[in-house]
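Next come the chains, spelled out residue by residue.
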Amino acid sequence: MSISSAEISQIIQQRIKDFEAPVVAADAGVITALGDGIAQIYGLSGVMAGELLEFPHQVVGMALNLEEDQVRAIVMGRSDEIKEGDEVRTTGRVVEVPVGRELLGRVVSALGEPLDGKGELGATAMLPLERVAPGVIVRQPVDTPVQTGIKAIDAMIPIGRGQRELIIGDRQIGKTAIALDTIINQKGQNLTCIYVAIGQNAASVARVAALLEEQGALEYTVIVSATAADPVALQYLAPYTGCTIGEWFMERGEDALVVYDDLSKHAWAYREISLALRRPPGREAYPGDVFYLHSRLLERAARLGEEAGGGSLTALPIIETQANDVSAYIPTNVISITDGQIYLEGDLFYAGNRPAVSVGLSVSRVGGSAQIRAMRQVAGRLRLDLAQYRALASFAQFSSDLDKATRDQLERGQRLTELLKQDQYQPVPVAQQVMVIYAGVNGLIDQIPVDRVSAWEQQFRRYLSHEQQELEAALTEKRALDEELERRLRDAVAAFNQGFDTGQG
């Protein structure tokens, strides 16, 4: 049996027609040096800045330094699994992370990989890590409050949706507690929260996740974790990952809040990377673009106009100071980028004033625009009374012979200071805050002994919840104090004071 040349030709033509080999265009290079999480690569002629690179053993990296004859990249994984001489390939895409509602209630890495043992994320949407901030035209003024549930902050340093409010202070005086209180208080407020942990130990992140789950807040929160044990590259990328996740919600017309805890460690991570990349060091050994590092991150927080969807992304960056030095390099950088700062003072903390918010040094550049009208009505007097009290208290310690007006001012200030003290993870509804502060600034608790004011405040709030539910509901609905509500509030305080045990018989 013979096969003709025509038949052979026909079979070959059919095979060629059916042959479907995928066309892969990849730029390949070779690792020439490796150390400190930095790979020096020769041969990647067409690589982009910020492009995702593929190393052997499923390790990935990101191209940062594009030099004349080589590329330096950060390794985002275990660098002990790769070695000099290994091949590196480009991917043609920049670093992306998964986004979407599937991330809610999960703990993920800086690359969006699950860390909580609850299985795959199931997220289908991906967004690039670095994105251009919304322009001035699509933004609108901040006018909707983010209620933190903390009396001192909601009254005097209000935060609005779309604002960037810095939390700054020394270590271990309650910065993270304020951020977590704010997240816990968002239950039922239609605000998605993202908590970014940078350079912390894994036990701290686990405690935060357990606390949020216990308080019922994990269901609307995403935790992005880059611990101190992770490669420094992941600590550098983590805030951008959190921001990108928040932007996905903002661009769908929803409100999101992202906490960066903390950007001091982020700057340290970037300094370490920059020095390993042989970039020229500047002040305090930070690279020259360390300001841009944080500005391009925080400028992405915005309140979008209606034509852009009307969503918002609020940023709460945290900065750790050394010995109350707010004039250091990184603190001054971030202060100049943000729309205000909540300054926590060590002396106040150790004196028992918690949260240890310094009224004089803290400021919100959005101000009353981010408060409901009822809070604006009572909070103006509060800040003024406290400022006068602080000024008088420093003079009063040198003199025992004070006139009645000065003594009354000091007494009022002491009671207001006690009134603003608050336990951790115990947020207060805004209507109750307004009623408590109203009683304080209008002298309705002047007869209560100073050491009983905290007890008075807690029992009065319990009284409002059980006996004055209609009054609280009316204030929540109207969001302003009119004559009728003021009269009912004064009557409620008077009725409660009659039955309150002042401890003096």
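Residues numbered from 1 in each chain as written. Predicted model: local features only at pLDDT ≥ 70, side-chain atom pairs only at ≥ 80, totals over all residues. Heavy atoms only, no water.

S.K.: How do you make sense of the packing of aromatic side chains when you look at a structure like this?
M.R.: Each aromatic ring pair is summarised here by two numbers: the centre-to-centre distance and the angle between the ring planes. Per the stated rule, a full pass over the model turns up 11 aromatic pairs. With a centroid separation of 6.0 Å and an interplanar angle of 70 degrees, the aromatic rings of Tyr 236 and Tyr 240 are classed as edge-to-face. Of the two residues, Tyr 236 and Tyr 240 are both situated in helix H5 (residues 232-250); the distance of four residues between them amounts to about one turn of the helix. For Tyr 236, a relative accessible area of 3% gives the class buried. For Tyr 240, a relative accessible area of 0% gives the class buried. In textbook terms, an aromatic cluster arises when at least three aromatic residues are bridged by ring pairs, as seen for Trp 456, Phe 460, Tyr 463, Phe 496 and Phe 500. Over the ring of Tyr 286 we find Arg 271; its NZ or CZ atom is 4.3 Å from the centre of that ring. (Phe/Tyr/Trp six-rings, centres within 6.5 Å; stacked < 30°, edge-to-face > 60°. Helix = DSSP H or I, 4+ residues; strand = E, 2+ residues; numbered from the N terminus. Buried < 20%, exposed > 50% of the residue type's maximum accessible area, 1.4 Å probe, protein only. Lys NZ or Arg CZ within 6 Å of the ring centre and 35° of its normal.)

S.K.: Please explain the packing of helix H12 (residues 430-441) against helix H15 (residues 483-499) as it appears in this structure.
M.R.: What describes two packed helices is the angle between their axes and the distance between those same axes. Direction vectors running N to C along H12 and H15 enclose 75 degrees, while the axes themselves pass 11 Å from each other. Viewed along their axes, H12 and H15 adopt a mutual orientation that is roughly perpendicular. Taking contact as the criterion, the partners of Met 435, Tyr 438 and Ala 439 in H12 are, on H15, Glu 486, Leu 489, Arg 490 and Val 493. Class assignment for the residues of the contact of H12 with H15 results in five nonpolar, no polar and two charged. (Axes fitted to C-alpha atoms, helices over the stretch in contact; angles between N-to-C directions. Parallel < 35°, antiparallel > 145°, perpendicular 65-115°, else oblique. Contact = heavy atoms within 4.5 Å. Nonpolar A, V, L, I, M, F, W, Y, C, P; charged D, E, K, R; others polar.)

S.K.: Honestly, the side chain of Thr 321 in this entry has me stumped. Any pointers?
M.R.: You can see Thr 321 is positioned in the loop between strand E15 (312-320) and helix H8 (329-337). Note on Thr 321: relative accessible area 3%, which makes it buried. Within the structure, the side chain of Thr 321 is placed 2.5 Å from the side chain of Asp 170, a separation counted as a polar contact. (Polar contact = N/O pair within 3.5 Å; in protein donor to acceptor, adjacent residues only side chain to side chain.)

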